[in-house]
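So the chains spell out like this:
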Amino acid sequence: MKFTLRWLKEYLDFKLSPQELAQSLTMVGLEVESIEYLGKGLEDIVVAEILDIKPHPNASKLVVCTVTDGTRHYNIVCGARNMKVGDKVALARAGVTLPPSSKFPEGIVIQATRIRGELSEGMLCAENELGIGEEGEGILILPETAKPGSKLIDVLDLDDTVIEVGVTPNRPDCLSVVGIARELAAILGKEIKYPDYNVLEGTENIEELVSVEVLDQEGCPRYSCRVITDVRICPSPQWLKNRLRAVGIRSINNVVDVTNLVLLELGQPLHAFDYDLIHERRIVVRKAQQGEVIETLDKVRRNLDKEDLLICDAKNPIALAGIMGGLNTEISEDTRNILLESAYFNPVRIRRTSKRLNLKTESSYRFERGVDPNGVVKALDRASELIRRLAGGNVARGRIDIYPAPIYPKEIWLSLDRLNSTLGTDIKAKEVKKILKGLELEITEERGNEFLLRVPTFRVDISREVDLVEEVARHWGYEKIPLTLPLINMKTQRPEKTRILENRIKEVLTSLGFLEVINYSFEDPETLALFSTLVPLRIINPLSKESSVMRTTLLAGILKNVSFNLNHQVQDIRIFEIGKVYIPEDNSLPKEITKLAAAATGRGQPELWNKEEFDLFYLKGIVERILEAISVSEQIKFEEAHGVKFLHPGKSAKLVLGNETVGLIGEIHPDLREHLDILKPVYVFEIDFDRLVSFSTPEKRFSSLPKFPSLRRDISVVVDENLPVAKILNEIKKAESELIEEVSIFDVFKGGSIEKGKKSVTVSIILRASDRTLTDEEANKIQETILGRLNLAFGAELRKT
């Protein structure tokens, strides 16, 4: 929002400098983005009168002018032809430096010089050479009243400052000079002087001249208009041109310029129609028909949607409501009678149409943010009187104002106690009342420290008590609000069991060279189908097909990580992830399960010279380390995994807790590796982390060092070669002898003297008693018991050679 300092002072008497004004506005939330002195660099440009114009003797396209600044005559060579003797023009004398402009981007120093043999002692300037406009076809012709020798900045009102304020979308009331003045009045504690809204009306009644019908009251809650007859369309007076030029608006004619002036002054968009071009002198406000076309003032034919709002006459659309007028009723030099429109349109409808058509105007910018529905008539009357003064004519008596459902000011209670509690302040009631009064928030009722406030309709941003608190805070001063730290009661709290165990697992894996990965919970349904027959939960609005379902396993994402790294020449990979999977359930939300998964390929210890490749037993050892770290290793058994389609049938196992499978471990099936474009063996595991947590204890229990020595017995038994050695270990542990301290596999051997189809398994058993030294007899007895159980369970026989 741009305005000039002089313009603002017409509504409020103050003596702040531009910098002080900028600081004051910025501190209440109206950030000043720029301050520009209009006459900068033009202080030495003066008014000159043309005394004589002669053709240049040596150049047919040039003329030689004799001008005077009131003190002496100057000889000026000029290429323009739009001037005549007696015109007042802008003279840059020799030695003057012109500021940067569209014609001279870096500025220029004017020098006395000879042009094709004729002396030129300066330059007669055009708008684009002075940087005050874009017109460059001819030189700038000044008003006849300008006196030779006077400064150009005085004649064109350039001795002024333009201030630009960045207005936030919730403050459309500040998209006007009066709105800025209203804010400043509240800051300074002064009274604002509003424009004069009185209209000198003629004798002809408006109802005899035009009729209005609003068919879409949702889109147009209020529509007002006046008729002004016998106007004269001509250029605007210099003061109006200067004011519009200062804020970046091109002057068109006296009528259109008035509508633009009032738009900037009051924030209410207006539109003037050529009354004589309105069929049947009838206005109809309605929705557009699907595919209907209107040609707007920019000479573009626009195809409309059925939700677009139109201003029409008895036959055709004549304006795109709230955005731009139609070319068929444009104000021209031949216009003699006008219909002036002022309305309140639905902000949502205007924004939707403006965005769809990619048509942004000063009007749409304000309507889509919300203008004051009760300021419509004020703006209409203000513009009507200005047009009467500047274009002559007669304003018809009365106005048409269709406002079937008036919008009344809101009433909101404000509690002083809640205000101070929210802000952390102790603002007194007297100060609060002063601020509210300055903002034109009327107190209609008081109950102790509570006030009932009537909020004017131009403040569309105030709808709740907290909005009133913000208003007080803005004008009391954010910088005055004390800085306080929130009170926080600190108390110790034991970490959750889940968090303790998760951290413990991460420590184990990272110590073994694994890196943690974090993948999205969204997956490709085709990829998930390779790992599970579960139908995954579909996402309603997926980013892509590859991310259209919720994952049911972590392995899909982990193997994508492996493939990506292998394709980027990373050959030794060890990664893990702890995250949720989502298992669909009938007629309810999915079941969320936290799982632990890992993948490894390449060398087992890449930092050493050891070239041994990662294998299933290496990964199984890592899983055992994890189970030991969270104290569930004694409860978990490894058993053969049958029917797991994504794992190698001979190199896989399941983790069993009681009778429940809680995890899988193994080598990825070669067919799946080929599908994923992985060329080397990859070993993975996935475990139900939640189930491990439920059986685990974070606490470690330590026992005292043994006082008595242990005994070791190595037993070699011959069993079927397909028998998993884990079953042998489990069967030995079932002996439930308190003297068995540790059981481990010592050796597995095939061939030699071992019968075909059989294998020799050597088990090492550590025996110890806590209260005595064991004898050989006791150890032999336990050994015999173990051999008996193995024979009974698996037909195992003691190896003799």
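Structure: above.
This report concerns the structure included in the present document. (Residues numbered from 1 in each chain as written. Predicted model: local features only at pLDDT ≥ 70, side-chain atom pairs only at ≥ 80, totals over all residues. Heavy atoms only, no water.)

## Section: the overall build of the protein
Item 1. Each helix and strand counted, the protein has 21 helices and 42 strands in total.
Item 2. Once the C-alpha set of the protein is aligned to its principal axes, its extents read approximately 135 × 80 × 60 Å.
Item 3. Per-residue burial for the protein yields a buried fraction of 49% across its 801 residues.
Item 4. Within the protein, residue pairs in contact and separated by at least 24 positions form 68% of the contacts whose partners lie at least 6 positions apart.
Item 5. Carbon and sulfur atoms form 49% of the exposed surface of the protein, whose accessible area is close to 41,500 Å². (Helix = DSSP H or I, 4+ residues; strand = E, 2+ residues; numbered from the N terminus. Buried < 20%, exposed > 50% of the residue type's maximum accessible area, 1.4 Å probe, protein only. Contact = heavy atoms within 4.5 Å. Areas by Shrake-Rupley, 256 points an atom, 1.4 Å probe, with all protein chains shown as cover.)

## Topic: the sheet that holds strand 27 (residues 410-415)
Item 1. What the three strands build is an open sheet, ordered 27-29-28; its pairing is antiparallel. A single partner strand is all that each edge strand has here, and the edge strands are strand 27 and strand 28 (442-447). If you compare each strand with its neighbour and ignore which way they point, the axes differ by 25° on average.
Item 2. The pairing of strand 27 with strand 29 (residues 450-455) spans six bridges and is antiparallel. Looking at strand 29, one finds that Glu411 is bridged to Arg454.
Item 3. Across the sheet, helix 12 (residues 429-438) lies against strand 27, strand 28 and strand 29, angled at about 5° from strand 29, the strand it touches most. (Pairing = 2+ DSSP bridges. Axes fitted to C-alpha atoms, helices over the stretch in contact; angles between N-to-C directions.)

## Quick word on the pattern of salt bridges
Opposite charge on two side chains makes pairing possible when the charged atoms of those side chains draw close.
Item 1. Here the structure, examined in full by the defined rule, presents 58 salt bridges.
Item 2. Between Asp52 and Lys54 there is a salt bridge, with its nearest N and O atoms 3.9 Å apart.
Item 3. When its relative accessible area of 26% is taken as the criterion, Asp52 is described as partly exposed.
Item 4. Look at the salt bridges and you will find they share partners, linking Arg171, Asp173, Glu183, Arg459, Asp461, Glu471 and Arg474 into a network. (Salt bridge = Lys/Arg side-chain N within 4 Å of Asp/Glu carboxyl O.)

## Let's talk about the packing of helix 14 (residues 497-511) against helix 17 (residues 616-629)
Item 1. Closest axis-to-axis distance for the helix 14/helix 17 pair is 9 Å, and the angle between their directions is 145°. At the point where helix 14 passes helix 17, the crossing takes the right-handed sense. In this structure, helix 14 uses Arg504, Ile505, Val508 and Leu509 to contact helix 17, whose residues at the interface are Ile622, Arg625, Ile626 and Ala629.
Item 2. For the contact of helix 14 with helix 17, the class distribution of residues is six nonpolar, no polar and two charged. (Left-handed = near helix turned anticlockwise from the far one by under 90°. Nonpolar A, V, L, I, M, F, W, Y, C, P; charged D, E, K, R; others polar.)

## Examining the sheet that holds strand 33 (residues 573-583)
Paired through backbone hydrogen bonds, the strands of a sheet run either parallel or antiparallel to each other.
Item 1. The mixed open sheet is built from seven strands, whose spatial order is 30-33-34-38-37-36-35. The outermost strands of the open sheet, each flanked by one partner alone, are strand 30 (515-516) and strand 35 (636-640).
Item 2. Alignment of strand 33 against strand 34 (residues 591-601), held across 11 bridges, turns out to be antiparallel. Directly across from Tyr582, in strand 34, lies its bridge partner Glu592.

## Considering the side chain of Ser384
Item 1. Summarising the element assignment, Ser384 is placed in helix 10 (residues 376-391).
Item 2. At a separation of 2.7 Å, a polar atom in the side chain of Ser384 contacts the main-chain carbonyl oxygen of Leu380.
Item 3. Setting aside chain neighbours within four positions, we find Ser384 in contact with Val199, Arg226, Ile228, Leu340 and Val395. (Polar contact = N/O pair within 3.5 Å; in protein donor to acceptor, adjacent residues only side chain to side chain.)

## What to know about the environment of Glu639
Item 1. Position of Glu639 among the secondary structure elements: in strand 35.
Item 2. In the structure, Glu639 is positioned 16 residues away from Leu655 in sequence and 6.5 Å away in space, judged by C-alpha atoms.

## What about a nonpolar patch on the surface?
Item 1. A cluster of nonpolar residues, Tyr520, Phe522 and Leu543, forms a patch on the protein surface that exposes about 420 Å² of accessible area.
Item 2. By the element assignment, Leu543 lies in the loop between helix 15 (525-528) and strand 32 (549-550).
Item 3. Judged by its relative accessible area of 78%, Leu543 is exposed. (Patch = residues over 30% accessible without salt bridge, like charges linked within 9 Å, V, L, I, M, F, W, Y side chains within 5 Å.)

## Some thoughts on helix 10
Item 1. Between its first and last C-alpha atoms helix 10 spans 22 Å; for 16 residues at 1.5 Å apiece the expected length is 22 Å, and the two agree.
Item 2. Along helix 10, 12 of the 16 residues are buried, which leaves the element largely enclosed by surrounding structure.
Item 3. Within helix 10 the residues assigned to the buried category are Val376, Val377, Ala379, Leu380, Asp381, Arg382, Ala383, Ser384, Glu385, Leu386, Ile387 and Ala391.
Item 4. In the core, the buried residues of helix 10 are packed alongside strand 16 (222-229), helix 7 (254-266), strand 17 (270-274), strand 24 (338-344), strand 25 (394-397) and strand 26 (400-402). (Expected span 1.5 Å × (residues − 1).)

## Some remarks on the packing of helix 11 (residues 416-423) against helix 13 (residues 465-476)
Item 1. Across the interface, helix 11 lies against helix 13 with an axial gap of 10 Å and an inter-helix angle of 65°. As far as their axial angle goes, helix 13 and helix 11 are roughly perpendicular. Two packed elements cross with a definite hand, and for helix 11 against helix 13 that hand is right-handed. Where helix 11 approaches helix 13, its residues Arg418, Leu419, Thr422 and Leu423 are matched on the opposing element by Glu465, Val469, Val472 and Ala473.
Item 2. Along the lines of polarity and charge, the residues of the contact of helix 11 with helix 13 split into five nonpolar, one polar and two charged. (Parallel < 35°, antiparallel > 145°, perpendicular 65-115°, else oblique.)

## Digging into a negative patch on the surface
Item 1. Residues Glu43, Asp44, Asp154 and Asp159 make up a contiguous surface patch of negative charge.
Item 2. The residue Asp154 is located in helix 4 (residues 152-155) in this model.
Item 3. Judged by relative accessible area, which is 46%, Asp154 ranks as partly exposed. (Lys, Arg positive; Asp, Glu negative; His and termini not counted. Charge placed at Lys NZ, Arg CZ, Asp CG, Glu CD.)

## A short note on unusual backbone geometry
Item 1. Positive phi is not limited to glycine here, since Lys299 has a value of about 65°.
Item 2. Within the secondary structure, Lys299 is located in the loop between strand 19 (293-295) and strand 20 (301-303).
Item 3. Although it is not a glycine, Glu440 adopts a positive phi angle of roughly 60°.
Item 4. For Glu440, the location among the structural elements is in the loop between helix 12 and strand 28.

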